[in-house]
There are 2 protein chains.
Amino acid sequence: MENPVSDPRDRILDTAAEQVRRFGEAKTNVVDIAKAMGLSHSAIYRHFQSKAEIFDALAARTMDEESDLATRFANAQGPASERLHGLVLALNRSKRAKLGDDPEIHGLYRRIVTERPDLVADYGRRMTALVRHVLEDGVARGEFSIHDVDAAAGVVRDAVTVFVHPAHVEQAVHAGLDMEPRLHAVIDALILAFAATNQTR
Amino acid sequence: MENPVSDPRDRILDTAAEQVRRFGEAKTNVVDIAKAMGLSHSAIYRHFQSKAEIFDALAARTMDEESDLATRFANAQGPASERLHGLVLALNRSKRAKLGDDPEIHGLYRRIVTERPDLVADYGRRMTALVRHVLEDGVARGEFSIHDVDAAAGVVRDAVTVFVHPAHVEQAVHAGLDMEPRLHAVIDALILAFAATNQTR
């Protein structure tokens, strides 16, 4: 049942996602989305200029959901080291779940990640800011002794890309690889580096 | 000038690479390669069963070249930490040079990296073995105190993927990003972790 007070943009995106799941990305167009919503296509064009813009917005919404997920770990209480493990693991599991449960949307997302480096850069900046927040907490709590928190957050972003980038997650899942022990080993190494008191930078 | 004693497989691959550079991957076929070599196409089929097999072998040869490059750092003298920086930097620069100087072959390589996870896994294993060798040297030289060298080599492999995977290198180059300071920051963090005497794993 549709919620009559929900954002019309969100309802269009929900319908578009449903069409992509049922008919695939290539066979989904603005007229079909309008028809499925009982609207004229001009009603859709009031919110989105093209099918491509709808698909981009779907990918952006997925990124927002992941950002919300990461925010929970950034704002949580408890040791920063545990929250860092938790944050990266949650993103990895979210990607894997999407791949398994929602393959068409994952495919759309994967394609847009390649075609829209600007969206990815923005997502990267938000995620790095959340990681930065965890690292700052770690310093405040005495767990880490980091001289340059921005650089350290960048190190985390780069070192865990292989665990959160949809193409890598897809390849690992298809190869039947369990990434989780590797993910924890990388985070453990970073935490060790951040905790080392003899660090020069 | 062709070397008459060179491996016929190598000469076929050289000719195929030249055709791909001039006409693109889609427009290169076995008949054209044979014609360019003054051979019948059955002479090619004696060495390769299909165009796809030739292209796979081209990608595999690029991987071999990178493996040779990395081997130089693995077998070099000097501090393991410097060799680790040098090895990863050389791979990053090799990918960037290929992208700039040989974009068609880079494109072919990128496609095959996606389609042939078995080739990539083999490449990954060879690279990880070379990194492992550097880490072992680092332990022998007293630079590192690593309990599980296999796990540590895996950590390096995963944490630097973003700097050596052709898709990531391509994206960074197109975005005009300088990856080198980030690459060194990640390696510095790993070295710090490997040097930490209080490590628990």
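A quick note: this is a predicted structure, and the numbers were derived from the prediction, not measured.

The rules behind the values
Residues numbered from 1 in each chain as written. Chains lettered and ligands numbered in written order. Predicted model: local features only at pLDDT ≥ 70, side-chain atom pairs only at ≥ 80, totals over all residues. Heavy atoms only, no water. Helix = DSSP H or I, 4+ residues; strand = E, 2+ residues; numbered from the N terminus. Buried < 20%, exposed > 50% of the residue type's maximum accessible area, 1.4 Å probe, protein only. Contact = heavy atoms within 4.5 Å. Lys, Arg positive; Asp, Glu negative; His and termini not counted. Charge placed at Lys NZ, Arg CZ, Asp CG, Glu CD. UniProt positions renumbered as here; feature names shortened; annotations may be inferred. Least-squares fit on C-alpha atoms with pLDDT ≥ 70 in both. Buried area = accessible area lost by both parts, 1.4 Å probe. Salt bridge = Lys/Arg side-chain N within 4 Å of Asp/Glu carboxyl O. Core = buried A, V, L, I, M, F, W, Y, C linked by side-chain atoms within 4.5 Å. Domains from an automatic or database assignment. Phe/Tyr/Trp six-rings, centres within 6.5 Å; stacked < 30°, edge-to-face > 60°.

1. Topic: the overall build of chain A
Okay, so step 1: When you go through chain A residue by residue, the secondary structure sums to 10 helices and 0 strands.
Okay, so step 2: The N-to-C order of helical and strand elements in chain A reads α-α-α-α-α-α-α-α-α-α.
Okay, so step 3: Judged by the C-alpha coordinates and their principal axes, chain A covers about 65 × 35 × 30 Å.
Okay, so step 4: Counting across all 201 residues of chain A, residues that qualify as buried make up 47%.
Okay, so step 5: Look at the contacts in chain A between residues 6 or more apart in sequence, and 68% of them connect residues 24 or more apart.
Okay, so step 6: With 25 positive and 30 negative side-chain charges, chain A shows a separation of 3 Å between the mean positions of the two kinds.

2. Topic: the UniProt feature "domain: HTH tetR-type" (unreviewed entry) in chain A
Okay, so step 1: As annotated by UniProt and renumbered to match this structure, "domain: HTH tetR-type" (unreviewed entry) occupies residues 6–66 of chain A.
Okay, so step 2: Here residues 6–66 of chain A is 74% helix and 0% strand, with 21 Å between the C-alpha atoms at its ends.

3. Description of the relation of the copies chain A and chain B
Okay, so step 1: For these two chains of identical sequence, chain A goes onto chain B by a turn of 180 degrees and a shift of 0.0 Å along the axis, with RMSD 0.0 Å. Considering both components of the superposition, the chain copies are consistent with a two-fold axis.
Okay, so step 2: Take the interface residues of chain A: 100% of them recur as interface residues in chain B, which is what a same-surface contact looks like.

4. Section: the interface of chain A and chain B
Frequently, the measure chosen for interface size is the accessible area that the parts lose on association.
Okay, so step 1: Each partner contributes to the interface: chain A provides 24 residues, whereas chain B provides 24 residues.
Okay, so step 2: The junction of chain A with chain B conceals about 2,100 Å² of combined surface from both sides, 64% of it contributed by carbon and sulfur atoms.
Okay, so step 3: Per-residue buried area on chain A facing chain B is highest for Asp158, Gln171 and Leu192 of chain A; these three make up 25% of the total on that side.
Okay, so step 4: Our count for the contact surface shared by chain A and chain B stands at 2 salt bridges.
Okay, so step 5: The partner of Arg182 of chain B in a salt bridge is Asp158 of chain A, and the shortest N-O contact between them spans 2.7 Å.

5. What about the nonpolar core?
Okay, so step 1: Within the largest apolar cluster, 130 residues are counted, with the highest numbers of intra-cluster contacts made by Ile54 and Leu135 of chain A together with Ile54 and Leu135 of chain B.
Okay, so step 2: For Leu135 of chain A, the contacting residues outside a window of four places in its chain are Leu84, Phe144, Ile146, Val149, Ala152, Ala153, Val156 and Phe194 of chain A.

6. Structural notes on the domain arrangement of chain A
Residues and elements named next belong to chain A.
Okay, so step 1: Per the domain assignment, the segments of chain A are domain 1 (8–45) and domain 2 (51–195).
Okay, so step 2: Listed by partner, the interface residues are 16 residues for domain 1 and 11 residues for domain 2.
Okay, so step 3: Counting the surface lost from both domain 1 and domain 2, the interface buries some 1,200 Å², and carbon and sulfur atoms represent 61% of this.
Okay, so step 4: When residues of domain 1 are sorted by the area they lose upon contact with domain 2, Leu13, Arg21 and Glu25 head the list and together hold 48% of the total.
Okay, so step 5: The partner of Arg111 in a salt bridge is Glu25, and the shortest N-O contact between them spans 2.5 Å.

7. Some thoughts on the side chain of Lys95 of chain B
Residue and element names in this part refer to chain B.
Okay, so step 1: Of note, Lys95 is situated in helix 5 (residues 80–101).
Okay, so step 2: The class for Lys95 is buried, based on a relative accessible area of 2%.
Okay, so step 3: Sequence-distant contacts of Lys95, that is, excluding residues within four places in its chain, are made with Glu66, His106, Tyr109, Tyr123, Val164, Pro166 and Val169.

8. A closer look at the packing of aromatic side chains
Residue and element names in this part refer to chain A.
Okay, so step 1: Tallied over the entire structure, the rule returns 2 aromatic pairs over all chains.
Okay, so step 2: On the basis of an interplanar angle of 65 degrees and a centroid distance of 5.8 Å, the ring pair of Phe144 and Phe194 is categorised as edge-to-face. On the criterion of sequence distance, the pair formed by Phe144 in the loop between helix 7 (117–140) and helix 8 (149–164) and Phe194 in helix 10 (residues 180–195) is long-range, its members being 50 residues apart.
Okay, so step 3: Here Phe194 falls in the buried class, since its relative accessible area comes to 4%.

9. Overview of the pattern of salt bridges
Okay, so step 1: Under the definition given, this model contains 42 salt bridges over all chains.
Okay, so step 2: One salt bridge connects Asp122 of chain B with Arg126 of chain B, and the closest N-O pair in it is separated by 3.5 Å. Remark: Arg126 of chain B and Asp122 of chain B occur in helix 7 (residues 117–140); sequence separation between them is 4 residues, near one turn of the helix.
Okay, so step 3: Residue classification places Arg126 of chain B among the partly exposed residues on the basis of a relative accessible area of 27%.
Okay, so step 4: Here the salt bridges do not stand alone but share partners, grouping Asp10, Asp14 and Arg61 of chain A into one network.

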